[in-house]
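Survey of secondary and tertiary structure
Chain residues, written in single-letter form:
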Amino acid sequence: MYVDPNFPTKKALKEAVASGRDIAYFQPGPFGGNEPTNGSIFIEGPHFPEPHRWYAQATVKDGRIIKVK
């Protein structure tokens, strides 16, 4: 999955979540539309066509990212 906005580093994503920003997440392509609203998701970034340089596991609750590992 990807996040919006397109964070260049995992550290930037973690800081945004810690500050309380509402970060959207999505699955691109034909696999999208069934993103879980609760539980654990896996994120990669930055988005295609750039090469992925970071990977993270996030906890989501009610459709909102609340924690990033």
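Residues numbered from 1 in each chain as written. Predicted model: local features only at pLDDT ≥ 70, side-chain atom pairs only at ≥ 80, totals over all residues. Heavy atoms only, no water.

1. Examining the nonpolar core
Quick note on the threshold: Think of a nonpolar core as a cluster: buried Ala, Val, Leu, Ile, Met, Phe, Trp, Tyr and Cys residues, connected wherever their side-chain atoms sit within 4.5 Å. In this scheme, a residue with accessible area under 20% of its type's maximum is buried, one over 50% is exposed, and one in between is partly exposed, where area comes from a 1.4 Å probe on protein chains only. Secondary structure follows DSSP: runs of H or I at least 4 residues long count as helices, runs of E at least 2 residues long count as strands, and numbering of each begins at the N terminus. The contact criterion used is simple: two residues touch if any of their non-hydrogen atoms lie within 4.5 Å.
Within the largest apolar cluster, 16 residues are counted, with the highest numbers of intra-cluster contacts made by Val3, Leu13, Ile23, Ile43 and Ile65. The leading source of residues in this core is strand β4 (residues 54-61), at four residues. Dropping the residues within four chain positions of it, Ile23 is found in contact with Val3, Asp4, Pro5, Phe7, Leu13, Ala16, Val17 and Ile65.

2. Considering the environment of Pro30
Considering the arrangement of structural elements, one finds Pro30 in the loop between β2 (24-26) and β3 (39-45). As for Pro30 and Tyr55, which are separated by 25 residues in sequence, their C-alpha atoms are 21 Å apart.

3. Looking at the pattern of salt bridges
To be explicit about the condition: A carboxyl oxygen of Asp or Glu within 4 Å of a side-chain nitrogen of Lys or Arg is what we treat as a salt bridge.
Counting across every chain of the model gives two salt bridges. Salt-bridge contacts for Arg64 lead to Asp22; the nearest nitrogen and oxygen are separated by 3.9 Å. On the criterion of sequence distance, the pair formed by Arg64 in strand β5 (residues 64-68) and Asp22 in the loop between α1 (10-18) and β2 is long-range, its members being 42 residues apart. Taking relative accessible area as the criterion, Arg64 reaches 36% and is therefore assigned partly exposed. Looking at Asp22, the relative accessible area reads 58%, which means it is exposed. As a salt-bridge pair, Glu50 and Arg53 come within 3.6 Å of each other at their nearest N and O atoms.

4. Observations regarding the side chain of His47
Here His47 shows up in the loop between β3 and β4. Residue His47 is classed as buried on the basis of its relative accessible area of 15%. If we skip the residues at most four places from it in the chain, His47 touches Tyr2, Val3, Asn6 and Phe26.

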